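Each chain, letter by letter, is given below.
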Amino acid sequence: QVQLVESGGGLVQPGGSLRLSCAASGIIVSVAAMGWYRQAPGKQRELVAAFTSGGGANYADSVKGRFTISRDNAKNTVYLQMNSLEAEDTAVYYCNGRPWNGDYWGQGTQVTVSS
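A. Representation of the side chain of glutamate 6 within the structure. Checked against the element boundaries, glutamate 6 lands in strand S1 (residues 3–7). No salt bridge is formed by the buried glutamate 6, whose closest oppositely charged neighbour, arginine 45, lies at an N-O distance of 7.5 Å. Polar side-chain contacts of glutamate 6 include one of 3.0 Å to the backbone nitrogen of glutamine 107. For glutamate 6, the side chain forms a polar contact with the main-chain nitrogen of glycine 108, separated by 2.9 Å. Each residue touching glutamate 6, except ones within four places of it in the same chain, is listed here: Ser21, Cys22, Trp36, Tyr93, Tyr94, Cys95, Gly106, Gln107, Gly108 and Thr109.

B. Layout of the pattern of salt bridges. Across all of its chains, the model carries 6 salt bridges by this definition. Its salt-bridge partner being arginine 38, residue aspartate 89 comes within 3.0 Å of it at the nearest N-O pair. You can see aspartate 89 sitting in the loop between strand S8 (77–82) and strand S9 (91–98) and its partner arginine 38 sitting in strand S4 (residues 33–39), a full 51 residues away along the chain. A salt bridge links arginine 66 to aspartate 89; its shortest N-O distance comes to 2.8 Å. Within this pair, whereas arginine 66 is found in the loop between strand S6 (57–59) and strand S7 (67–72), its partner aspartate 89 is found in the loop between S8 and S9, the two being separated by 23 residues in sequence. Note on arginine 66: relative accessible area 10%, which makes it buried. Linked through salt bridges whose partners overlap, the residues forming this network are Arg38, Glu46, Arg66, Glu86 and Asp89.

C. Expanded view of the nonpolar core. Within the largest apolar cluster, 28 residues are counted, with the highest numbers of intra-cluster contacts made by Met34, Trp36, Leu80, Met82 and Tyr93. Of all elements in the fold, only strand S3 (18–25), S4, strand S5 (46–51), S7, S8, S9 and strand S11 (109–113) reach the threshold of two or more residues within this core. Of all the elements, S3 adds the most residues to this core, at 4 residues. The contact partners of tyrosine 93, leaving out residues within four places of it in the chain, are Glu6, Leu20, Trp36, Tyr37, Arg38, Val48, Phe67, Leu80, Met82, Gly108, Thr109 and Val111.

D. Quick peek at the state of the cysteines. In this structure the tally under the stated criterion is 1 disulfide. Note on cysteine connectivity: cysteine 22 is disulfide-linked to cysteine 95, with sulfurs 2.1 Å apart. Linking cysteine 22 and cysteine 95, the disulfide has an S-S dihedral of approximately -75° and is accordingly described as left-handed. With cysteine 22 in strand S3 and cysteine 95 in strand S9, this residue pair connects regions lying 73 residues apart in the sequence. Across the pair, cysteine 95 and cysteine 22 agree in class, each one buried.

So, how was this worked out
- Residues numbered from 1 in each chain as written.
- Predicted model: local features only at pLDDT ≥ 70, side-chain atom pairs only at ≥ 80, totals over all residues.
- Heavy atoms only, no water.
- Helix = DSSP H or I, 4+ residues; strand = E, 2+ residues; numbered from the N terminus.
- Buried < 20%, exposed > 50% of the residue type's maximum accessible area, 1.4 Å probe, protein only.
- Lys, Arg positive; Asp, Glu negative; His and termini not counted.
- Salt bridge = Lys/Arg side-chain N within 4 Å of Asp/Glu carboxyl O.
- Polar contact = N/O pair within 3.5 Å; in protein donor to acceptor, adjacent residues only side chain to side chain.
- Contact = heavy atoms within 4.5 Å.
- Core = buried A, V, L, I, M, F, W, Y, C linked by side-chain atoms within 4.5 Å.
- Disulfide = S-S within 2.5 Å.

Shown next as structure tokens:
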């Protein structure tokens, strides 16, 4: 059974930072395609950051230079470090894992950027 459990969301002021965590079970984060998505109210879910097959990462243009995706293979956990947060970053953030045999989502964690 695959489970992806996000944590680390919350309320932060503009310019602040948060680190989201995605603890995985049932899949191996160093093998599966892993990424972070977000969905703001009234908008479609969009890709924020994801690992590439070559070991690098892709980022949405809106977060380049501010967000960093990383993983701890020993903890089987994926992270999203978010710096210089803006009001436009307010959304529910979802962890996504795609092993060879499926497409899995976490329950999401709310990030609200507001003064």
